[in-house]
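What follows is the residue order along each chain.
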Amino acid sequence: MKALFTTRVLLALLVTVVFWASAFAGIRVGLQGYPPAHLAILRFVVASLVLAIYAALSHFRLPHRRDLPGIAIASLLGITFYNIALNYGETKVPAGTASLLIASTPIWTALIASRALKERLRPWGWGGSLLSFVGAGIIALSEGHGVYFSKHALIIMAASCCSAIYIVMQKHYLSRYSALEFTAYSIWMGTLLMLPFGPGMFHSLATAPLPSTLAVVYLGIFPAAMAYLAWGYVLSHAPASRTVSLLYLIPVFAIFIAWIWLGEIPEPLSLLGGALALAGVLVVNLMGRSAGVPATTVALKTAA
């Protein structure tokens, strides 16, 4: 019987999951020396340079001029706002908890696609969506340490929603560009759109502690660039419907990495909410969609 995954595909998949999961802890380290916007800009400048080198060697096609406005809007939501909002949220929310909130992105994607793309959800899909929202609400309440929702947790949920809009928007372009090409265009354009938030960045760069700067470089090279290259390899060599489900391991790895790297352990109530949110995501993706967003699309934005 032929193995589903070759050794190289398994290795690339492991690299993808670990790098994307480690981004949540890396952001927390970077925030010790950089404001949220400066961290996002520097991280994606590094990522843009790495992807530019790869694009030159791989002979990426340039986007058509007519597609630039749509790509710009998608980039503003899925790269610029998403990353600045996630960074801001992680100034107060632990890395593992943030990963659990971001893991709800496929739920937002399914709901938005049901309206924008007329993709029907079955009753199981609506039930799974409700379960995920309950889980996300429990996380937000837990991080609020009382009877109110944590503002920072809600901002991360808003980032997750914008990521879902980005996923739905990119479906229009994946018939003309590869997933990796579109991701590169988005990162380059999203980085440019971050630059208005850059005043004072060079002062931050000069005064930040070395561990924070090294974390920024790590985030740019590995989770923001190399992981997408590895994921592109996985999608080109294995069935997307089988590989995408393994990305739901990211919060598990993120919690473990944050514990090892930062000594952070999410609140028990956050873990309960995260379990409910992930269960809802699995229900929607396995039983809830009649004609869902393709796995290759959903999988492109389930990490930091």
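Residues numbered from 1 in each chain as written. Predicted model: local features only at pLDDT ≥ 70, side-chain atom pairs only at ≥ 80, totals over all residues. Heavy atoms only, no water.

1. Some remarks on the overall build of the chain
- If you tally the helices and strands in the chain, you get 14 helices and zero strands.
- The 304 residues of the chain split such that 54% are buried.
- Just so you have it, the chain exposes about 13,400 Å², and 72% of that area is on carbon and sulfur atoms. (Helix = DSSP H or I, 4+ residues; strand = E, 2+ residues; numbered from the N terminus. Buried < 20%, exposed > 50% of the residue type's maximum accessible area, 1.4 Å probe, protein only. Areas by Shrake-Rupley, 256 points an atom, 1.4 Å probe, with all protein chains shown as cover.)

2. Quick word on the pattern of salt bridges
- The full count for this structure, using the stated rule, is three salt bridges.
- The partner of glutamate 264 in a salt bridge is arginine 28, with the nearest N and O atoms 2.6 Å apart. Taken as a pair, glutamate 264 in the loop between helix H12 (250-262) and helix H13 (268-288) and arginine 28 in helix H1 (residues 7-30) lie far apart in primary sequence, 236 residues in all.
- A relative accessible area of 14% means that glutamate 264 is categorised as buried. (Salt bridge = Lys/Arg side-chain N within 4 Å of Asp/Glu carboxyl O.)

3. Quick notes on the packing of helix H2 (residues 36-58) against helix H3 (residues 68-89)
- It is at 8 Å that the axes of H2 and H3 come closest, and there the two elements cross at 130°. Between H2 and H3, the angle falls in the class oblique. Seen from above, H2 lies across H3 with right-handed handedness. Together, Pro36, Ala37, Leu39, Ala40, Arg43 and Phe44 of H2 and Ile79, Asn83, Ile84, Asn87 and Tyr88 of H3 make up the contact between the two elements.
- Here the residues of the contact of H2 with H3 sort into eight nonpolar, two polar and one charged. (Axes fitted to C-alpha atoms, helices over the stretch in contact; angles between N-to-C directions. Parallel < 35°, antiparallel > 145°, perpendicular 65-115°, else oblique. Left-handed = near helix turned anticlockwise from the far one by under 90°. Contact = heavy atoms within 4.5 Å. Nonpolar A, V, L, I, M, F, W, Y, C, P; charged D, E, K, R; others polar.)

4. A few points about a nonpolar patch on the surface
- A contiguous nonpolar patch, built from Phe256, Trp259, Ile260 and Ile265 and spanning about 470 Å² of accessible area, is present on the exposed surface.
- By the secondary structure assignment, isoleucine 265 is in the loop between H12 and H13.
- Under the relative-accessibility criterion, isoleucine 265 is labelled exposed at 59%. (Patch = residues over 30% accessible without salt bridge, like charges linked within 9 Å, V, L, I, M, F, W, Y side chains within 5 Å.)

5. A short note on unusual backbone geometry
- Of note, histidine 59 is a non-glycine position whose phi angle comes to about 60°, a positive value.
- Checked against the element boundaries, histidine 59 lands in the loop between H2 and H3.

6. Quick look at the side chain of asparagine 83
- Inspection of the secondary structure puts asparagine 83 in helix H3.
- Setting aside anything within four residues of it in sequence, one finds asparagine 83 in contact with Ala40, Arg43, Phe44, Gly78 and Met194.

7. Focus: H1
- Relative to the 34 Å expected for 24 residues at 1.5 Å per residue, H1 spans 33 Å between its end C-alpha atoms, a close match to the ideal helical length.
- Of all 24 residues in H1, 17 are buried; the element is thus mostly enclosed. (Expected span 1.5 Å × (residues − 1).)

8. Things to note about the packing of aromatic side chains
- Scanning the entire structure with this criterion turns up twelve aromatic pairs.
- When the ring of tyrosine 218 is compared with that of tryptophan 261, the centres are 6.3 Å apart and the planes differ by 90°; the resulting orientation is edge-to-face. Note that tyrosine 218 is positioned in helix H10 (residues 210-237) and tryptophan 261 in helix H12, a separation of 43 residues in sequence.
- Connected via pairs of aromatic rings, a cluster forms that spans Phe19, Tyr218, Phe222 and Trp261. (Phe/Tyr/Trp six-rings, centres within 6.5 Å; stacked < 30°, edge-to-face > 60°.)

9. A few points about the nonpolar core
- Phe24 and Leu86 are the most contacted members of the largest nonpolar core, which totals 65 residues.
- Counting residues in hydrophobic clusters, the runner-up holds nine residues, among them Ile167, Tyr173, Phe182 and Met189. (Core = buried A, V, L, I, M, F, W, Y, C linked by side-chain atoms within 4.5 Å.)

10. Remarks on the confidence of the model for the chain
- Per-chain confidence: the chain averages 83 in pLDDT, with 84% of residues scoring 70 or above.
- Note on residues 295-299: pLDDT is under 50 here. Beyond four places in sequence and across chains, it has 17 contacts. (pLDDT = per-residue confidence, 0-100.)

11. Here's the deal with the packing of H1 against helix H4 (residues 95-102)
- Taken N-terminus to C-terminus, the directions of H1 and H4 make an angle of 130°; their axes are 8 Å apart at the nearest point. As judged from the angle between their axes, H1 and H4 are oblique. The handedness of the crossing between H1 and H4 comes out as right-handed. Residues Phe24, Ala25 and Arg28 of H1 form the contact with H4, whose participating residues are Ala95, Ala98, Ser99 and Ile102.

12. Overview of the state of the cysteines
- Counted according to the given criterion, the structure contains zero disulfides.
- Free of any disulfide, cysteine 161 has its nearest neighbouring cysteine sulfur in cysteine 162, separated by 5.9 Å.
- Overall, the relative accessible area of 22% leaves cysteine 161 in the partly exposed class. (Disulfide = S-S within 2.5 Å.)

13. Topic: the side chain of serine 48
- With respect to the element layout, serine 48 can be found in helix H2.
- Since its relative accessible area comes to 12%, serine 48 is described here as buried.
- Within the structure, serine 48 has its side chain in polar contact with the backbone oxygen of phenylalanine 44 (distance 2.7 Å).
- The contacts of serine 48, once residues within four sequence positions are left out, are Ile187, Trp188 and Thr191. (Polar contact = N/O pair within 3.5 Å; in protein donor to acceptor, adjacent residues only side chain to side chain.)

14. Points about the environment of serine 150
- In this fold, serine 150 is placed in the loop between helix H6 (123-144) and helix H7 (151-170).
- According to the relative accessible area criterion, serine 150 is buried, its value standing at 6%.
- Along the backbone, serine 150 and valine 93 are 57 residues apart, and their C-alpha atoms lie at a distance of 8.7 Å.

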